[in-house]
Amino acid sequence: MIDIAVLISGGGTNLQALIDACARDDFPARIALVISNNPGVKGLERAEKAGIATTVINHRDFETREAFDDQLHEALNDCGAKLICLAGFMRILDARFVNRWRNRMINIHPSLLPSFKGLHTQERALEAGVCFSGCTVHFVNPELDDGPIITQAALAINPSETADELAARVLELEHIIYPQALRLVAEGRVRVVGNKVTISGAEYSDQKIINPVPE
Ligand code: GRF
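A brief structural summary.

### Comments concerning the overall build of the protein chain
Okay, so step 1: Summing up its helical and strand segments, the protein chain has six helices and nine strands in all.
Okay, so step 2: By the compact-globule yardstick of 17 Å for 215 residues, the protein chain fits well, its C-alpha radius of gyration being 17 Å.
Okay, so step 3: Overall, the C-alpha framework of the protein chain stretches about 60 × 40 × 35 Å when taken along its three principal axes.
Okay, so step 4: When burial is assessed residue by residue, the protein chain has 46% of its 215 residues classed as buried.
Okay, so step 5: Total accessible area computed for the protein chain in this model is approximately 11,200 Å², and 50% of it derives from carbon and sulfur atoms.
Okay, so step 6: Here the protein chain carries 21 positive and 28 negative side-chain charges, and the mean point of each set is 5 Å from the other.

Laid out in structure tokens, this is it:
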């Protein structure tokens, strides 16, 4: 059993997926602390409802990014977390912090990385006319939305759907792959080799999808 901390900034639907997974008897991780950089967000309510300790570390209270990151680091050490899950955490962490937690911090991003790093991923996917979207769980590197990929999920885009509709469908997949990736990491099955991971005992899909569907 590994103790984790989840960092959020908002609604926390991915946090909820992790809370639900950790509630299962056979799940190898436990949430020791939820940290939000924004007070009053729904994600904090979700954690409190589940009886999980929470704390707010408001970045607006700090003069520098380093001072904010130091406070985060202290809270994480104090709660005994061995792994950080970023779940909609909307602050960029400085390289020093990221290096302290290298290979011990994972993130979920709503695109098929390395495509569409940053914000507004589904709008940009629709604008680019790509036929697939999806989401990625990866270890965090100092560069934004970068780092060894653990799991991905893909779906076919219908060009007439809106970015919000697409985002909602991707979010459903996020709620599946984030607990899956956390389980793999917590079980010690994920090894980082250079820029890639190897996962012991993983089964890989041979599914092929063509979009639009051939007539
Ligand atoms: C998700 O789309 C996640 O991929 C991104 O921020 C969003 C957070 O949603 N990093 P929620 O707070 O988990 O509902």
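### Quick look at a negative patch on the surface
Okay, so step 1: On the surface, Glu 123, Glu 127, Asp 164 and Glu 165 cluster together into a patch of negative charge.
Okay, so step 2: Counting only elements with at least two residues in the negative patch, the list comes to helix 5 (121-128) and helix 6 (163-186).
Okay, so step 3: Its location among the elements puts Asp 164 in helix 6.

### Some thoughts on the layout of surface pockets
Okay, so step 1: For the largest pocket, the calculated volume is near 940 Å³.
Okay, so step 2: Lining the largest pocket are 40 residues, and of these Gly 88, Met 90, His 109, Pro 110 and Leu 119 lie nearest its centre.
Okay, so step 3: When residues in the lining of the largest pocket are grouped by element, the largest group, seven residues, is from helix 6.
Okay, so step 4: Among the residues making up the lining of the largest pocket, the classes are represented as 18 nonpolar, 15 polar and seven charged.
Okay, so step 5: Both domains that meet at the lining of the largest pocket, namely domain 1 (1-101) and domain 2 (107-215), each give it at least three residues.
Okay, so step 6: Computed from the structure, the second largest pocket encloses a volume of approximately 750 Å³.
Okay, so step 7: As for the second largest pocket, its lining consists of 22 residues, of which Gln 152, Ala 153, Gln 180, Tyr 204 and Ser 205 are closest to the centre.
Okay, so step 8: Looking at the lining of the second largest pocket, the elements that each hand over two or more residues are strand 7 (149-156), helix 6 and strand 9 (196-199).
Okay, so step 9: Sort the elements by how many residues they give to the lining of the second largest pocket and strand 7 lands first, with six residues.
Okay, so step 10: Split by residue class, the lining of the second largest pocket holds 13 nonpolar, six polar and three charged.

### Focus on the nonpolar core
Okay, so step 1: The biggest cluster of nonpolar side chains holds 43 residues, and the ones touching the most others in it are Ile 4, Val 6, Ile 31, Cys 85, Ile 150 and Leu 182.
Okay, so step 2: With residues near it in sequence (within four places) discarded, Cys 85 still touches Ile 4, Ala 5, Val 6, Leu 7, Leu 18, Ile 106, Tyr 178 and Leu 182.
Okay, so step 3: Core analysis: the second largest hydrophobic core is formed by 21 residues, Ala 5, Ile 84, Phe 97 and Met 105 among them.

### Here's the deal with the pairing of strand 4 (residues 83-86)
Okay, so step 1: Here strand 4 shows a buried face lined by Leu 83 and Cys 85 and a second buried face lined by Ile 84 and Leu 86.
Okay, so step 2: When strand 1 (residues 2-8) meets strand 4, the two strands line up parallel, connected through four bridges. Within strand 4, the residue paired with Val 6 across the bridge is Cys 85.
Okay, so step 3: Sheet topology places strand 4 next to strand 5 (residues 105-109); three bridges connect them, and they run parallel. Each bridged residue has a counterpart across the sheet, and for Leu 86 the counterpart in strand 5 is Asn 107.

### Structural notes on the side chain of His 109
Okay, so step 1: With respect to the helices, strands and loops of the structure, His 109 is situated in strand 5.
Okay, so step 2: There is a polar contact of 2.8 Å between the side chain of His 109 and the backbone oxygen of Phe 116.
Okay, so step 3: Setting aside its immediate chain neighbours within four residues, His 109 contacts Phe 116, Lys 117, Gly 118, Thr 121, Gly 134, Cys 135, Thr 136, His 138 and Asp 145.

The rules behind the values
Residues numbered from 1 in each chain as written. Predicted model: local features only at pLDDT ≥ 70, side-chain atom pairs only at ≥ 80, totals over all residues. Heavy atoms only, no water. Helix = DSSP H or I, 4+ residues; strand = E, 2+ residues; numbered from the N terminus. Rg over C-alpha atoms; globule rule 2.2 N^0.38 Å. Buried < 20%, exposed > 50% of the residue type's maximum accessible area, 1.4 Å probe, protein only. Areas by Shrake-Rupley, 256 points an atom, 1.4 Å probe, with all protein chains shown as cover. Lys, Arg positive; Asp, Glu negative; His and termini not counted. Charge placed at Lys NZ, Arg CZ, Asp CG, Glu CD. Patch = residues over 30% accessible without salt bridge, like charges linked within 9 Å, V, L, I, M, F, W, Y side chains within 5 Å. Salt bridge = Lys/Arg side-chain N within 4 Å of Asp/Glu carboxyl O. 1 Å grid on protein atoms, 1.4 Å probe; cavity = no way out; pocket = protein on both sides within 12 Å on 5 of 7 lines; lining within 4 Å. Points joined across faces, edges and corners; volume = space filled by probe spheres on them. Nonpolar A, V, L, I, M, F, W, Y, C, P; charged D, E, K, R; others polar. Domains from an automatic or database assignment. Core = buried A, V, L, I, M, F, W, Y, C linked by side-chain atoms within 4.5 Å. Contact = heavy atoms within 4.5 Å. Pairing = 2+ DSSP bridges. Polar contact = N/O pair within 3.5 Å; in protein donor to acceptor, adjacent residues only side chain to side chain.

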